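Understanding the architecture of this molecule
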Amino acid sequence: SSGINAEYGDDICPCNSPCSETHYEAQLSSSSLSPAYTETLFASSYIKGYLSRVSQPEFDIVYNSSDDILKNVMVLEILFSSMVTSEIQQVVTYTSANLLGDIGGVLGLFCGASVFTIAEFLQLLLSSVQKHCLADLCRKGSERTDEVVNEEREREDKEL
């Protein structure tokens, strides 16, 4: 059998789990009184007076003799299994400042990645334009060279 005493800190934090909790592991042991002991109890005037006050005739519980004590009284011991205590604390480790820092870090990473992507795209565009222009210049240059060669051949042919 166990007992739990939980205390919720509504003023401190609106949490579902208790802020502090006491948990008891207990064992029960019971036995009836010995007939010799009940005789001794019934002989005591103090005990007789107490027993007459706690008698409940409507439930058929009366203490008029030592047999009545033997029938209705028992010894009950509650023993704790262990005297060891432990304390468990819940501590907030991920705060709102940590969350904002993580969000800022991710945004910075994406912004940095997008800046590099834009720079690489511009570099690709520039190199494509440069290759295209150089190819046109080379083509035009080779056409002119062909024209010059053809003109020289024609002159040579005319001279011959």
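Residues numbered from 1 in each chain as written. Predicted model: local features only at pLDDT ≥ 70, side-chain atom pairs only at ≥ 80, totals over all residues. Heavy atoms only, no water.

1. Considerations on the overall build of the protein chain
What the protein chain contains, in helices and strands, is four helices and three strands. Starting at the N terminus and ending at the C terminus, the protein chain contains elements arranged as β-β-α-α-α-β-α. Scored against the burial criterion, the 160 residues of the protein chain give a buried share of 8%. Expressed as a percentage of contacts within the protein chain between residues at least 6 apart in sequence, the contacts between residues at least 24 apart total 46%. (Helix = DSSP H or I, 4+ residues; strand = E, 2+ residues; numbered from the N terminus. Buried < 20%, exposed > 50% of the residue type's maximum accessible area, 1.4 Å probe, protein only. Contact = heavy atoms within 4.5 Å.)

2. Points about the nonpolar core
L33, L41, F42, L51, Y63 and I69 together form the largest nonpolar core, which totals six residues. Those residues within four positions of L41 in sequence are excluded, and the remaining contacts are L33, I47 and I69. (Core = buried A, V, L, I, M, F, W, Y, C linked by side-chain atoms within 4.5 Å.)

3. Here's the deal with the environment of I61
Residue placement: I61 occurs in the loop between α2 (45-54) and α3 (66-72). When its relative accessible area of 27% is taken as the criterion, I61 is described as partly exposed. The contact partners of I61, leaving out residues within four places of it in the chain, are S55, Q56 and N72.

4. Regarding a negative patch on the surface
A cluster of acidic side chains, namely E151, E152, E154, E156, D157 and E159, defines a negative patch on the protein surface. On the secondary structure map, E151 appears in helix α4 (residues 96-159). Residue class for E151 comes out partly exposed when judged on its relative accessible area of 40%. (Patch = residues over 30% accessible without salt bridge, like charges linked within 9 Å, V, L, I, M, F, W, Y side chains within 5 Å. Areas by Shrake-Rupley, 256 points an atom, 1.4 Å probe, with all protein chains shown as cover. Salt bridge = Lys/Arg side-chain N within 4 Å of Asp/Glu carboxyl O. Lys, Arg positive; Asp, Glu negative; His and termini not counted. Charge placed at Lys NZ, Arg CZ, Asp CG, Glu CD.)

5. Describing the side chain of S66
Looking at the secondary structure, you find S66 in helix α3. Leave out the neighbours within four places in its chain, and S66 touches T38, E39 and F42.

6. A few points about helix α1 (residues 35-43)
Inspection of α1 places T38, L41 and F42 among the buried residues, and these make up the whole buried set. Viewed along the axis of α1, the buried residues span an arc of 95 degrees, placing them on a single side of the element. Across α1 from its buried face, at more than 90 degrees, point the exposed residues A36, T40 and A43. For α1, the secondary structure elements touched by its buried residues are α2 and α3. (Arc of directions from axis to C-beta.)

7. A closer look at the packing of aromatic side chains
Going through the model one piece at a time under the given rule, you end up with zero aromatic pairs. Positioned over the ring face of F42 is K48, at 4.7 Å from the centre of the ring. (Phe/Tyr/Trp six-rings, centres within 6.5 Å; stacked < 30°, edge-to-face > 60°. Lys NZ or Arg CZ within 6 Å of the ring centre and 35° of its normal.)

8. Notes on a nonpolar patch on the surface
Taken together, the side chains of I118, F121, L122, L124, L125 and V129 make up a nonpolar region of the molecular surface, amounting to roughly 600 Å² of accessible area. When you line up the elements, L122 lands in helix α4.

9. Describing the confidence of the model for the protein chain
The predicted model of the protein chain averages 77 in pLDDT, with 79% of residues at 70 or higher. Strand β1 (residues 2-7) is the least confidently modelled element of the protein chain, averaging 50 in pLDDT, while α1 averages 84, the highest of any element. (pLDDT = per-residue confidence, 0-100.)

10. Side note on the side chain of T38
Note on placement: T38 falls in helix α1. Using a relative accessible area of 1% as the deciding quantity, one classes T38 as buried.

11. Some words on unusual backbone geometry
Located in the positive-phi region is D60, a residue other than glycine, with phi close to 60 degrees. Residue position: D60 is located in the loop between α2 and α3. The class of D60 is exposed, set by a relative accessible area of 56%.

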